[in-house]
Amino acid sequence: MRALQLIAPGKIELRDVDVPTIESDEVLVRVAGAGLCHSDLHMLHAPIDRPPLTLGHETAGWVDTVGGEVDGFAVGDPVLVYLVWACGECRSCLEGRDNSCEVAGGRMSLPPCPGLGPAGGMAEYIAVKARYLEPLGALDPVLAGPLADAALTSHHAIAGAMHRLGPGTTAVVIGLGGLGHTGLQILSAITEATLIGVDLDQAKLDFAAAHGATHTFLSDATTADKILDITSGYGADAVFDFTGIQPTVDLAISCIAPDGCLRFVGLGGGTFQYGALPWATLPWGVDLRKSYAGNRADQRAVIELAAAGKIMLETKQYDLEDGLSAFDDLAAGKLLGRAILVPTI
Ligand SMILES: [Zn+2]
Ligand SMILES: [Zn+2]
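Note that the coordinates shown come from a computational prediction; the quantities given were computed from them, not determined experimentally.

Digging into the overall build of the protein chain
Here is step 1 of the chain: The helix and strand tally for the protein chain stands at ten helices and 16 strands.
Here is step 2 of the chain: Radius of gyration (C-alpha) of the protein chain: 20 Å, near the 20 Å computed for a compact globule of 345 residues.
Here is step 3 of the chain: Along the three orthogonal principal directions, the C-alpha set of the protein chain runs to about 60 × 40 × 40 Å.
Here is step 4 of the chain: Residues classed as buried in the protein chain amount to 53% of the 345 residues present.
Here is step 5 of the chain: The contacts of the protein chain with a sequence gap of at least 6 include a subset with a gap of at least 24, amounting to 69%.
Here is step 6 of the chain: Carbon and sulfur atoms provide 54% of the accessible area of the protein chain, an area that totals close to 14900 Å².
Here is step 7 of the chain: Placing the 22 positive and 41 negative side-chain charges of the protein chain at their respective mean positions leaves the two points 3 Å apart.

Structure representation (structure tokens):
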């Protein structure tokens, strides 16, 4: 089968590889579509030598073959691949914190994720333990892949901030790309907050305005002041930074309100200095989370939101054969929403 593989730092290639064999508790999924994420760009440019790795952690498809011990899935079922391959049995997993699994992950490491360790979905087939599959019902698996990360991860960041997102509150979404344009719609669907969208691209702001943002701003040195003006100087009750570059981190810490939920999701390398002083850096009470992926409840919630038509992921399809140009377009900031690589026969 064809698979888009990372073969050396900075180098990806479409290669012919064997169709995976499955264990008795696994399912062979015929890939319908695999989303392309900024994390794939981070992987591409990481200076790490490793064996060839099939990329892709946003995968949906159809059940092709089921292992002998697998119940509940039949050939042809449309399925989504949950990307947190946690143990399911440790204290964290049992508390619904699969993304912080103590056994498959650890204090400074994460549970395995297809496409970032095990072979991912930018291929014609992927082998997955049946317990990591979610039924998609009537959703089209060609388009559903981004529910596994863009929607899951933004939902998790929002779910942990719901106590600050009641009536009269304000939330800021910084970066309206794959995650942010989804997160904005989730906020619109499940909270009563006034929504502010921030990006460098007017087309992304226009999309946000059409999907729930009350205010949109092109990001520049005046953005924090504009957000403070809207909130009478108090700041936003929740700020979601889906980019994480230095200007967005600076913006996030400059407009968060006292007791606000500050959620850093994007891995753009920005930093800030925290001072344990009464007047420094952050207002009192700010609750900060470095948010990673999501749990199983987040996964099911976003599938339900998509099935109900409450979130609509903006996507652009590329043939898997043309996957390299999708990487180029993402790197160049040319994509509105998410690129999906589709293996066509
Ligand atoms: Zn991702
Ligand atoms: Zn666990």
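Section: the sheet that holds strand β12 (residues 236-241)
Here is step 1 of the chain: What the six strands build is an open sheet, ordered β11-β10-β9-β12-β13-β14; its pairing is parallel. For this open sheet the edge positions go to β11 (215-218) and β14 (287-290), each flanked by a neighbour on one side alone. Ignoring strand direction, the axes of neighbouring strands in this sheet form an average angle of 15°.
Here is step 2 of the chain: Strand direction decides the pairing type here: strand β13 (residues 256-264) and β14, joined by four bridges, are parallel. Counted as the bridge partner of F264 is K290 from β14.
Here is step 3 of the chain: Those strands touched by helix α8 (residues 246-255) are β9 (170-174), β10 (194-199), β12 and β13, and its axis lies near 155° from that of β13.

Concerning the pattern of salt bridges
Here is step 1 of the chain: A complete count under the given rule lists 13 salt bridges for this structure.
Here is step 2 of the chain: Close ionic contact of R2 with E321 constitutes a salt bridge, the shortest N to O distance being 2.2 Å. In this pair, R2 sits in strand β1 (residues 2-8) while E321 sits in the loop between β15 (315-319) and α10 (323-331), placing the two residues 319 residues apart along the sequence.
Here is step 3 of the chain: Exposure remark for R2: the relative accessible area of 14% places this residue in the buried category.
Here is step 4 of the chain: In this structure E321 comes out as partly exposed when scored by relative accessible area, which is 47%.

Some details on the nonpolar core
Here is step 1 of the chain: L147, L165, A171, L187, F240 and I311 are the most contacted members of the largest nonpolar core, which has 36 residues in total.
Here is step 2 of the chain: Where this core is concerned, the elements lending two or more residues are α4 (150-159), β9, α5 (178-190), α6 (202-210), β12 and α9 (296-307).
Here is step 3 of the chain: The contacts of A171, once residues within four sequence positions are left out, are L165, L187, A193, T194, L195, I196, A238 and F240.
Here is step 4 of the chain: The next biggest cluster of nonpolar side chains, apart from the first, holds 25 residues, and it includes V27, V31, V79 and Y132.

Remarks on the side chain of Q185
Here is step 1 of the chain: Relative to the assigned elements, Q185 resides in helix α5.
Here is step 2 of the chain: Those residues in contact with Q185, other than ones at most four positions away along the chain, are F207, H211, K310, I311 and M312.

Description of the coordination of the zinc ion (ligand 2)
Here is step 1 of the chain: Protein coordination at the zinc ion (ligand 2): the donors are C87 (SG), C90 (SG), C93 (SG) and C101 (SG), at 2.3 to 2.4 Å from the metal.
Here is step 2 of the chain: Along the chain, the residues donating to the zinc ion (ligand 2) fall in the pattern C-x2-C-x2-C-x7-C.

Focus: the domain arrangement of the protein chain
Here is step 1 of the chain: If you check the domain split of the protein chain, you get domain 1 (2-149 + 294-342) and domain 2 (153-290).
Here is step 2 of the chain: The straight-line distance from the C-alpha centre of domain 1 to that of domain 2 is 27 Å.
Here is step 3 of the chain: Facing the 19 residues of domain 1 at the interface are 18 residues of domain 2.
Here is step 4 of the chain: Roughly 1500 Å² of surface becomes buried between domain 1 and domain 2 when both sides are summed, with 59% attributable to carbon and sulfur atoms.
Here is step 5 of the chain: The largest contributions to the domain 1 side of the interface with domain 2 come from D149, D298 and L336, which together make up 26% of the buried area.
Here is step 6 of the chain: Counting across the domain 1 and domain 2 interface gives zero salt bridges.
Here is step 7 of the chain: In this assembly, domain 1 and domain 2 are joined by seven residue pairs in polar contact (both at pLDDT 80 or more).

Points about the environment of L4
Here is step 1 of the chain: Here L4 is to be found in strand β1.
Here is step 2 of the chain: Classification of L4 by relative accessible area gives buried; the value is 1%.
Here is step 3 of the chain: With 317 residues separating them along the chain, L4 and E321 place their C-alpha atoms 8.3 Å apart.
Here is step 4 of the chain: Sequence-distant contacts of L4, defined by excluding residues within four places in its chain, comprise E13, L14, L53, T54, L55, M122, L320, G323, F327 and L341.

Reading the values: rules and limits
- Residues numbered from 1 in each chain as written.
- Chains lettered and ligands numbered in written order.
- Predicted model: local features only at pLDDT ≥ 70, side-chain atom pairs only at ≥ 80, totals over all residues.
- Heavy atoms only, no water.
- Helix = DSSP H or I, 4+ residues; strand = E, 2+ residues; numbered from the N terminus.
- Rg over C-alpha atoms; globule rule 2.2 N^0.38 Å.
- Buried < 20%, exposed > 50% of the residue type's maximum accessible area, 1.4 Å probe, protein only.
- Contact = heavy atoms within 4.5 Å.
- Areas by Shrake-Rupley, 256 points an atom, 1.4 Å probe, with all protein chains shown as cover.
- Lys, Arg positive; Asp, Glu negative; His and termini not counted.
- Charge placed at Lys NZ, Arg CZ, Asp CG, Glu CD.
- Pairing = 2+ DSSP bridges.
- Axes fitted to C-alpha atoms, helices over the stretch in contact; angles between N-to-C directions.
- Salt bridge = Lys/Arg side-chain N within 4 Å of Asp/Glu carboxyl O.
- Core = buried A, V, L, I, M, F, W, Y, C linked by side-chain atoms within 4.5 Å.
- Donors = N, O, S within 2.8 Å, 3.2 Å for Na, K, Ca; no water.
- Domains from an automatic or database assignment.
- Buried area = accessible area lost by both parts, 1.4 Å probe.
- Polar contact = N/O pair within 3.5 Å; in protein donor to acceptor, adjacent residues only side chain to side chain.

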